[in-house]
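Survey of secondary and tertiary structure
Residue strings, one per chain:
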Amino acid sequence: TWREKFQQAKKAGFDFIEISIDETDEKLSRLDWTKEERLEFVKTMYEEDMPILSMCLSGHRRFSLGSAEEAVRKKSLEIMEKAIALAVDLGIRVIQLAGYDVYYEESTDETKAFFLENLKKSAEMAGAAGVSLGFETMETEFMNTVGKAMYYVDEVNPLISGFIQTAET
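I will try to describe carefully the structure that is included in this document. (Residues numbered from 1 in each chain as written. Predicted model: local features only at pLDDT ≥ 70, side-chain atom pairs only at ≥ 80, totals over all residues. Heavy atoms only, no water.)

**Brief notes about the packing of helix 4 (residues 70-90) against helix 5 (residues 109-129)**
Relative orientation and spacing of two packed helices are given, respectively, by the angle between their axes and the distance between those axes. So the rule is basically this: Throughout, an axis means a line fitted to C-alpha atoms (over the contacting stretch in the case of helices), and angles, computed between N-to-C directions, take values from 0 to 180 degrees. Only DSSP runs of H or I reaching four residues or more are called helices, and only runs of E reaching two or more are called strands; each is numbered from the N terminus. Roughly parallel means an angle under 35 degrees; roughly antiparallel, over 145; roughly perpendicular, 65 to 115; everything else is oblique. Each crossing gets its hand from how the near helix is turned against the far one by less than a right angle, where anticlockwise is left-handed and clockwise is right-handed. For this analysis, residues touch if any pair of their heavy atoms sits within 4.5 Å. Gly is placed with the polar residues, together with every amino acid not listed as nonpolar (Ala, Val, Leu, Ile, Met, Phe, Trp, Tyr, Cys and Pro) or charged (Asp, Glu, Lys and Arg).
Two numbers describe how helix 4 lies on helix 5: the axes approach to 10 Å, and their chain directions differ by 20°. The pairing of helix 4 with helix 5 is recorded here as roughly parallel in orientation. Regarding helix 4 and helix 5, the two cross each other, and that crossing is right-handed. Residues R73, L77, M80, E81, I84 and V88 of helix 4 pack against F114, N118, K121, S122, M125, A126 and A129 of helix 5. When grouped by side-chain class, the residues that make up the contact of helix 4 with helix 5 number eight nonpolar, two polar and three charged.

Laid out in structure tokens, this is it:
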């Protein structure tokens, strides 16, 4: 149970844990928890004094932001929207994204462009909700260094900076 997971993490000396939303149907179903399930989860989290401050969102491995298939890209944005809503409800501060444009497809200039386009949309959604996005560098040529990750951060940063300035005025 989640209560047992929280207790074991505390017993092992951890201050918080990370929730995984990977590509399996079981983990993706966490995005569809009802408000009541989310409230019960938060209640248990507080009772056990074990917050979840980050989410590993690797469900995009299966439903890639950069997929050549429009239906897959649409699903990837739905996953992102649900992940952000779950993060807000659970008090999660950071959603970690896997650094793949695509995983089960061949990476092309087109998939890289789709990835950037959908990353910008994702950043807008996350920024509006007060949730931060981060990257995990991966084993593929697409994003296997911090420098490659920073390229995408820099591409999205002007968009976010403009959003923040607009929100403050």
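**Regarding the nonpolar core**
In plain terms, the rule: Buried Ala, Val, Leu, Ile, Met, Phe, Trp, Tyr and Cys residues form a nonpolar core when they are joined through side-chain atoms within 4.5 Å. For the exposure calls, accessible area comes from a 1.4 Å probe over protein chains only, and a residue counts as buried if that area is under 20% of its type's maximum, exposed if over 50%, partly exposed in between.
Membership of the largest hydrophobic core comes to 40 residues, with the highest contact counts inside it found for I19, F41, I52, M55, L57, L90 and I95. Counting residues per element, the ones that place at least two in this core are helix 1 (2-11), strand 1 (17-21), helix 3 (35-47), strand 2 (52-57), helix 4, strand 3 (94-98), helix 5 and helix 6 (146-168). The dominant element in this core, judged by the number of residues it contributes, is helix 4, at nine residues. Ignoring anything within four residues of it in the chain, the contact list for I52 reads W2, F6, I17, E18, I19, F41, M45, L90, G91 and I92.

**Examining the pattern of salt bridges**
Rules: Salt bridge, as used here, is a side-chain nitrogen of Lys or Arg placed within 4 Å of a carboxyl oxygen of Asp or Glu.
Under the defined criterion, the tally for this structure stands at twelve salt bridges. The salt bridge partner of D22 is K27, with a shortest N-O separation of 3.8 Å. With respect to class, D22 is no different from K27; both count as buried. Close ionic contact of E23 with R61 constitutes a salt bridge, the shortest N to O distance being 3.6 Å. On the criterion of sequence distance, the pair formed by E23 in the loop between strand 1 and helix 2 (25-28) and R61 in the loop between strand 2 and helix 4 is long-range, its members being 38 residues apart. Salt bridges linked by common partners bring R3, K43, E47 and E48 together as one network.

**A short note on the sheet that holds strand 3**
Filter applied, for reference: Should DSSP find at least two bridges between two strands, the strands are taken to pair.
What the four strands build is an open sheet, ordered 1-2-3-4; its pairing is parallel. The open sheet has two edge strands with one neighbour each: strand 1 and strand 4 (132-136). Neighbour-to-neighbour, the strand axes of the sheet open up by a mean angle of 25°, direction not taken into account. Helix-sheet contacts for helix 5 involve strand 3 and strand 4, and the interaxial angle to strand 4 is about 140°.

**Focus: the environment of Y103**
How we decide: Pairs of N or O atoms within 3.5 Å make up the polar contacts considered here, provided that, within protein, one atom can donate a hydrogen while the other can accept it, and that residues adjacent in sequence are counted only when both atoms are side-chain atoms.
Tracing the backbone shows Y103 in the loop between strand 3 and helix 5. Each C-alpha atom, one on Y103 and one on T140, is 8.8 Å from the other, the two residues being 37 residues apart in sequence. Not counting residues within four places of it along the chain, the set of residues in contact with Y103 comprises R61, S64 and E139. Among the polar contacts listed, one links the side chain of Y103 to the side chain of R61, at a separation of 2.4 Å.

**Some points on unusual backbone geometry**
Of note in the backbone geometry, D49 takes a positive phi value of approximately 50° without being a glycine. When you line up the elements, D49 lands in the loop between helix 3 and strand 2.

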